[in-house]
Amino acid sequence: MTTAPTEANVVEPTAHNLRVAGDLVRNGGVVVAPSDTNLALTMDPWNSAAVKRAFAIKRRPATSALTLFVRHPQEWEGYTAVPEEHREAVRRMTDAFWPGPFNIVLPRTTRIPDHLVCGGPTVAIGCLANPTIQQLIEQVGRPVAMTSANLSGQADGVLVDLDLAVEQIGQSVDMVVKGGHQGTTASSTIVTAATVPFKVLRLGDITHADIKKALGDLGHLLEDES
């Protein structure tokens, strides 16, 4: 589904507009919404056509796994197959850093569709603090998938803000929802806890020391800082 490109597609995050955006996502649309970092293409993770369209909008082959964003921190347990001996460590990290700019890679269950993770055995999960995306996920009624709202290779090293998103892909999506700059950070921190030792894949505002502190007496599960 594609609407005609028009300035009317750039909307304020009112309750009405978020209901409309939620309906669009549930029905296979692709909208732009704020995260804790970039503005991002947002879609139904279980709709393969929507995921394929998002990659086409970015002009990028669908060869990269997308991140699943949940509404409530404890929801990670319903989509992952973390060994019992590591669940407490994952809980400590998610309790400490969610909602917020922290993504964690975990072994996935069959509830995660293959097309979201390119058939891989893991899924990256986040829980965002930005109130606009929180309300949008509430309207959708289940997690969403997100990827930065820019053309591939044309926003390296910068955050995708409203002007950049509208300029590069605004005419290709069904709606652009404002609501950024609410706790916007430079980058999300990404940790993989799919294997031991856990590894920091990318550092953002949440540091290696922060993660060690959150793990407490389970800090030995995290690889030492290089």
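Quick summary incoming for the structure in this document. (Residues numbered from 1 in each chain as written. Predicted model: local features only at pLDDT ≥ 70, side-chain atom pairs only at ≥ 80, totals over all residues. Heavy atoms only, no water.)

## Comments concerning the sheet that holds strand β8 (residues 175-177)
Spatial strand order, β1-β8-β2-β3-β7-β4-β6-β5-β9-β10: ten strands in an open sheet with mixed pairing. Of all the strands in the sheet, the pair left with one neighbour each is β1 (10-11) and β10 (199-202). Direction of pairing for strand β9 (residues 189-192) relative to β10: antiparallel, over a ladder of three bridges. Bridge assignment links Thr 192 to a residue of β10, and that residue is Lys 199. Sheet strands in contact with helix α1 (residues 15-26) are β1, β2 (31-34), β3 (39-43), β7 (144-148) and β8, and its direction is about 135 degrees off that of β8. Across the sheet, helix α6 (residues 162-169) touches β1, β2, β3 and β8, and the angle it forms with β3 is around 55 degrees. (Pairing = 2+ DSSP bridges. Helix = DSSP H or I, 4+ residues; strand = E, 2+ residues; numbered from the N terminus. Contact = heavy atoms within 4.5 Å. Axes fitted to C-alpha atoms, helices over the stretch in contact; angles between N-to-C directions.)

## As for the nonpolar core
Val 32, Leu 41, Met 43, Met 93, Phe 102 and Ile 211 are the most contacted members of the largest nonpolar core, which has 49 residues in total. Put simply, the parts of the chain that give this core at least two residues each are β3, α2 (48-58), α3 (84-97), β5 (100-107), α4 (114-117), β6 (122-127), α6 and α7 (208-215). With five residues, α2 is the single largest residue contributor to this core. Residues in contact with Phe 102, not counting those within four places in the same chain, are Met 93, Phe 97, Ile 125, Gly 126, Cys 127, Ser 188, Thr 189, Val 191, Ile 206 and Ile 211. The next biggest cluster of nonpolar side chains, apart from the first, holds 18 residues, and it includes Leu 18, Ala 33, Val 140 and Val 144. (Core = buried A, V, L, I, M, F, W, Y, C linked by side-chain atoms within 4.5 Å. Buried < 20%, exposed > 50% of the residue type's maximum accessible area, 1.4 Å probe, protein only.)

## Details of the side chain of Asn 150
Within the secondary structure, Asn 150 sits in the loop between β7 and α6. Only 2.6 Å separates the side chain of Asn 150 from the side chain of Ser 148, close enough to count as a polar contact. (Polar contact = N/O pair within 3.5 Å; in protein donor to acceptor, adjacent residues only side chain to side chain.)

## A word on the pairing of β6
Extensive coverage of β6 is indicated by the burial of five of its six residues. Sheet analysis places strand β4 (residues 67-69) next to β6, joined by three bridges and oriented parallel. Note that in β6 the partner of Leu 68 across the bridge is Ile 125. Bridging between β5 and β6 involves six bridges; their strand directions are antiparallel. For Pro 107, the partnering residue across the bridge sits in β6 and is Thr 122.

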